[in-house]
Amino acid sequence: MNQDLVDEINYLIDLLTKSGFFSTEEVLEIVEEQFIEYDLDFSRFNISLNNFNNKNFSNLEKTFNLLAEKSIIGVHNCGYDFEEGVDDIYELYVHLINNKYSVRGFCFYTFEDVENAIENNVLKITFGDFQRNKDEALEIGKAVYQELSAVGFDLKWKESVNDSIEIMNFDWDKKFDESKEYEIEGAYALYTGVIDEK
């Protein structure tokens, strides 16, 4: 096996384990799928979960939970990239509406955003409303900004619907927790649970 390929596989394993969203079995499954054409024995690669402390991630989770009380749904690890994230958020919206839940707007970050946070300590949060109303989208952006600011995050935002909110100096520290679900399934369960409690 050539060194470039080994480095590529090790990078992906490192990224997936640092993200804190996947079990060792899921990491192996993703890596095998990604490099399926090479017919490799992946048992020689070391996959062990991170030992992060969840300090920053807990504050992010807390923010998304509080936003649910304001009818704004927050999704962790929403799709791989921006386009997939938008597709996922609208799929989630359809599920909510079909089950008679109302929702003002959304915020999310993608796996690409997680990678950027791990590499560059900046996490981008995308926000908006589902009706593509710029005034309402801006109000949602302000609400997201306010909640992120309240937990002490260092933020950068031009107060425009065309710009993501960036959490600066963000040390990605999510630890894997098999008892919790994220992505759109986890967001749906959290949001409907909060709304039902109201």
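Not measured: the values here are computed from a predicted model. (Residues numbered from 1 in each chain as written. Predicted model: local features only at pLDDT ≥ 70, side-chain atom pairs only at ≥ 80, totals over all residues. Heavy atoms only, no water.)

*Asks:* Can you walk me through the overall build of the chain in this structure?
*Replies:* For the chain, the count of helices and strands is seven helices and five strands. In the chain, the succession of α and β elements from N to C terminus is α-α-α-β-α-β-α-β-α-β-β-α. Taken over C-alpha atoms, the radius of gyration comes to 18 Å for the chain, in line with the 16 Å a tight globule of 198 residues would show. Each principal axis of the C-alpha distribution contributes one length, and for the chain these read about 55 × 35 × 30 Å. The buried share of the chain, taken over its 198 residues, is 46%. Expressed as a percentage of contacts within the chain between residues at least 6 apart in sequence, the contacts between residues at least 24 apart total 69%. When the accessible area of the chain is evaluated, it comes to approximately 10800 Å², of which 43% is carbon and sulfur surface. (Helix = DSSP H or I, 4+ residues; strand = E, 2+ residues; numbered from the N terminus. Rg over C-alpha atoms; globule rule 2.2 N^0.38 Å. Buried < 20%, exposed > 50% of the residue type's maximum accessible area, 1.4 Å probe, protein only. Contact = heavy atoms within 4.5 Å. Areas by Shrake-Rupley, 256 points an atom, 1.4 Å probe, with all protein chains shown as cover.)

*Asks:* Can you walk me through the pairing of strand β2 (residues 105-108) in this structure?
*Replies:* Neither face of β2 is open: one carries G105 and C107, the other F106 and F108, and all of them are buried. Where strand β1 (residues 72-75) and β2 come together, four bridges link them in parallel fashion. Pairing of I72 across the sheet is with G105, part of β2. With helix α4 (residues 82-98) bridging β1 and its parallel neighbour β2, the resulting β-α-β unit is right-handed. Relative to strand β3 (residues 123-129), β2 is paired through four bridges, and the arrangement is antiparallel. Note that in β3 the partner of F108 across the bridge is T126. (Pairing = 2+ DSSP bridges. Right-handed = clockwise from strand over helix to strand, strands pointing away.)

*Asks:* Where do I start with the sheet that holds β1 in this structure?
*Replies:* Sheet strands associate in pairs through backbone hydrogen bonding, adopting either a parallel or an antiparallel arrangement. A sheet is described by the order of its strands in space; here five strands give the open sequence β1-β2-β3-β5-β4, paired in mixed fashion. The sheet is open, and its two edges are formed by β1 and β4 (154-156), each paired on a single side. If you compare each strand with its neighbour and ignore which way they point, the axes differ by 25 degrees on average. Where helix α3 (residues 55-69) meets the sheet, its contacts fall on β1, β2, β3 and β5 (165-168), and the angle it forms with β1 comes to roughly 155 degrees. (Axes fitted to C-alpha atoms, helices over the stretch in contact; angles between N-to-C directions.)

*Asks:* I keep staring at unusual backbone geometry and nothing clicks. Help me out?
*Replies:* Most peptide bonds take the trans form, and the phi angle of most residues other than glycine is negative. The backbone phi angle of S71 is positive, close to 65 degrees, even though this residue is not glycine. Relative to the elements of secondary structure, S71 occurs in the loop between α3 and β1. Within the chain, R132 stands out as a residue other than glycine whose phi angle is a positive 60 degrees. Among the structural elements, R132 can be located in the loop between β3 and α6 (134-150).

*Asks:* Please explain the environment of E32 as it appears in this structure.
*Replies:* Inspection of the secondary structure assignment puts E32 in helix α2 (residues 24-34). When its relative accessible area of 36% is taken as the criterion, E32 is described as partly exposed. Sequence separation between E32 and V122 is 90 residues, and the spatial gap between their C-alpha atoms is 29 Å.

*Asks:* Can you walk me through the packing of aromatic side chains in this structure?
*Replies:* Any two aromatic rings considered together are summarised by their centre-to-centre distance and by the angle between their planes. Summed over the entire model, instances satisfying the criterion amount to 21 aromatic pairs. A centroid spacing of 5.5 Å and a plane angle of 50 degrees characterise the contact between F153 and F170, whose relative ring orientation is tilted. Of this pair, F153 sits in the loop between α6 and β4 while F170 is found in the loop between β5 and α7 (183-197), placing the two residues 17 residues apart along the sequence. F170 shares its class with F153; the two are buried. Taken together, F21, F57, F64, Y109, F153, F170, W172 and Y182 form an aromatic cluster joined through their ring pairs. Here the basic side chain of K174 rests over the ring of F21, its NZ or CZ set 4.9 Å away from the ring centre. (Phe/Tyr/Trp six-rings, centres within 6.5 Å; stacked < 30°, edge-to-face > 60°. Lys NZ or Arg CZ within 6 Å of the ring centre and 35° of its normal.)

*Asks:* Would you take a moment to explain the confidence of the model for the chain for this structure?
*Replies:* Detailed conclusions should not be drawn from predicted coordinates in areas where pLDDT is low. Model confidence for the chain is summarised by a mean pLDDT of 93, while 99% of its residues fall at 70 or above. Within the chain, the lowest mean pLDDT, 89, falls on α7, and the highest, 98, falls on β5. (pLDDT = per-residue confidence, 0-100.)

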